[in-house]
Amino acid sequence: MITLNVDLGRRSYPIFIGSGILGTSGLLTPYINGRDCLILSSETVAPIYLEPLRAMLGTSRTEVMILPDGETSKNFTCLESILDLMVEKKYSRDGIVITLGGGVIGDIGGFAAAIYQRGVDFIQVPTTLLAQVDSSVGGKTGINHPGGKNLVGAFHQPRCVLSDTDTLRTLPDRELSAGLAEVVKYGLIADADFFSWLEEQANGLLKREPAALDYAIKRSCEIKAGVVVEDETEQGIRAILNFGHTFGHAIERCMGYGEWLHGEAVAAGMCMAARFSEQLGWSSTDDSQRVRHLLTRLNLPCQPPPLNPGDFMAAMSMDKKVIGGEIRLVLMAGIGNVKVTADYPSHELLDMLSGQFIR
Ligand code: NAD
Ligand code: GLY
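Residues numbered from 1 in each chain as written. Chains lettered and ligands numbered in written order. Predicted model: local features only at pLDDT ≥ 70, side-chain atom pairs only at ≥ 80, totals over all residues. Heavy atoms only, no water.

### Quick word on the site of ligand 2
Part 1 of the argument: If you check the shell around ligand 2, you find Asp134, Lys140, Lys224, Glu234, Arg238, Leu241 and Asn242 and nothing else.
Part 2 of the argument: Contact between ligand 2 and Lys140: an oxygen atom at 2.8 Å from a side-chain N or O atom of the residue.
Part 3 of the argument: Notes on ligand 2: free accessible area 190 Å², of which the protein chains cover 90%. (Near = heavy atom within 4 Å. Polar contact = N/O pair within 3.5 Å; in protein donor to acceptor, adjacent residues only side chain to side chain. Areas by Shrake-Rupley, 256 points an atom, 1.4 Å probe, with all protein chains shown as cover.)

This is how it looks when you write it as structure tokens:
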């Protein structure tokens, strides 16, 4: 097992990464210690992984709530049903929420924990690649609003993250690829050598070779933790973790949540960001081609779906990086080097979008 630390002073926590660690007795004991637990999971995940998790909780009172799978569960109705259960079962401030599942479960469960009685502890047990490399780390929690992705939420750090890499064995191929999109993002924003390693290891990753997946998860978490430690509440540098996301969130919003997987939308969004960076003269054609080639090899989309450029711009304008009406984008100045900026002519953005949507 590898342990990484997210060093945030009093809110610091470990990320445990390893094969077969779900069910390892004692690992969660320091965090649970007899407290009332609420496990939140989803219809697909609970039948496979609930029992080993329960076995780690000892004699603590444990309730389980299971939500329907998928992005459409990240809504006010499901959030209300979690809070209703916590009230009905009389959880106190000492209760602890444990999220077992993908990013959807982690985001909504973490948000319920953030707001129930002004905040109770929670533990992330991510079971998708995307959740293990991204959403379980860093404390962003929340739900979608019909007007925009993740518009309602809170920063609330987990007490620990337990990533059992064996859970990835049951993950559908499409979900594995969606997680790999966020892995590629880390190479693009911070580590050109890691990006080259991903180019070499693409087949091994798709074949779920344990050594390749372990390294990809570890390196991704290291990069994410480093950025989060520098800027926990996204006052500046943390926005680079949203490379490709302003475009990607607009795809998700325009298509209807759940139609495209989040990682797929991010993949197409990163290709759009790379293309726009190239159009502005920030990065080279070779860079954009490398981004497209790698994502295509990982079975990810590089083109957005056909949409109206004006509608797309409107959806982009609901992004949380918009300040004073300006759409701030994360753009690429070469592989491994990105910058957050609103310093581009907006007609260039509309030109790029119009070019993308014409087939
Ligand atoms: P998801 O949570 O919808 O999970 C994908 C599907 O895989 C679901 O149907 C789930 O039930 C199933 N599944 C999960 N684990 C499984 C396993 N081990 N075996 C078989 N099936 C399994 O999707 P996701 O990609 O994990 O997360 C996407 C969400 O994460 C989006 O809502 C996105 O906005 C959010 N996100 C949040 C952050 C953050 O910092 N908080 C970062 C990135 C993404
Ligand atoms: N996934 C973006 C962030 O955690 O900041």
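Still more ground to cover, so stick around.
### A few points about the pairing of strand β11 (residues 338–341)
Part 1 of the argument: In this structure, strand β10 (residues 329–332) lies alongside β11, joined through 4 bridges in antiparallel fashion. Note that in β11 the partner of Met332 across the bridge is Val338.
Part 2 of the argument: Between β10 and β11, which pair antiparallel in sequence order, lie 5 residues; one of them, Gly334, sits at a positive phi of approximately 115°. (Pairing = 2+ DSSP bridges. Helix = DSSP H or I, 4+ residues; strand = E, 2+ residues; numbered from the N terminus.)

### Re empty space enclosed by the protein
Part 1 of the argument: Scanning the model with the defined rule gives 2 cavities of 30 Å³ or more in all.
Part 2 of the argument: Each pocket or cavity is described by its volume, and for the largest cavity that value is around 90 Å³.
Part 3 of the argument: Along the walls of the largest cavity sit Gly147, Gly148, Lys149, Thr246, His249, Ala250, Arg253, Ala315, Met316, Met318, Asp319 and Lys320, which together make up its complete lining.
Part 4 of the argument: Looking at the lining of the largest cavity, the elements that each hand over two or more residues are β8 (148–155), α9 (245–255) and α12 (309–316).
Part 5 of the argument: By residue number, the principal contributor to the lining of the largest cavity is α9, which donates 4 residues. (1 Å grid on protein atoms, 1.4 Å probe; cavity = no way out; pocket = protein on both sides within 12 Å on 5 of 7 lines; lining within 4 Å. Points joined across faces, edges and corners; volume = space filled by probe spheres on them.)

### Observations regarding the pairing of strand β2 (residues 13–18)
Part 1 of the argument: For β2, the tally of buried residues reaches 6 of 6 residues, placing the bulk of the element in the interior.
Part 2 of the argument: Along β2, one buried face is formed by Tyr13, Ile15 and Ile17 and the opposite face, lined by Pro14, Phe16 and Gly18, is buried too.
Part 3 of the argument: Here 5 bridges tie strand β1 (residues 2–6) to β2, and the two strands are oriented antiparallel to one another. Across the sheet, the residue bridging to Thr3 is Phe16, located in β2.
Part 4 of the argument: Bridging between β2 and strand β9 (residues 160–164) involves 4 bridges; their strand directions are parallel. Bridge pairing links Ile17 to Ser163 in β9. (Buried < 20%, exposed > 50% of the residue type's maximum accessible area, 1.4 Å probe, protein only.)

### Observations concerning the layout of surface pockets
Part 1 of the argument: By volume, the second largest pocket amounts to about 240 Å³.
Part 2 of the argument: Surrounding the second largest pocket, Arg10, Arg11, Ser12, Tyr13, Asp121, Phe155, His156, Gln157, Pro158, Arg159 and Glu232 form its lining.
Part 3 of the argument: Looking at the lining of the second largest pocket, its residues break down into 3 nonpolar, 3 polar and 5 charged. (Nonpolar A, V, L, I, M, F, W, Y, C, P; charged D, E, K, R; others polar.)

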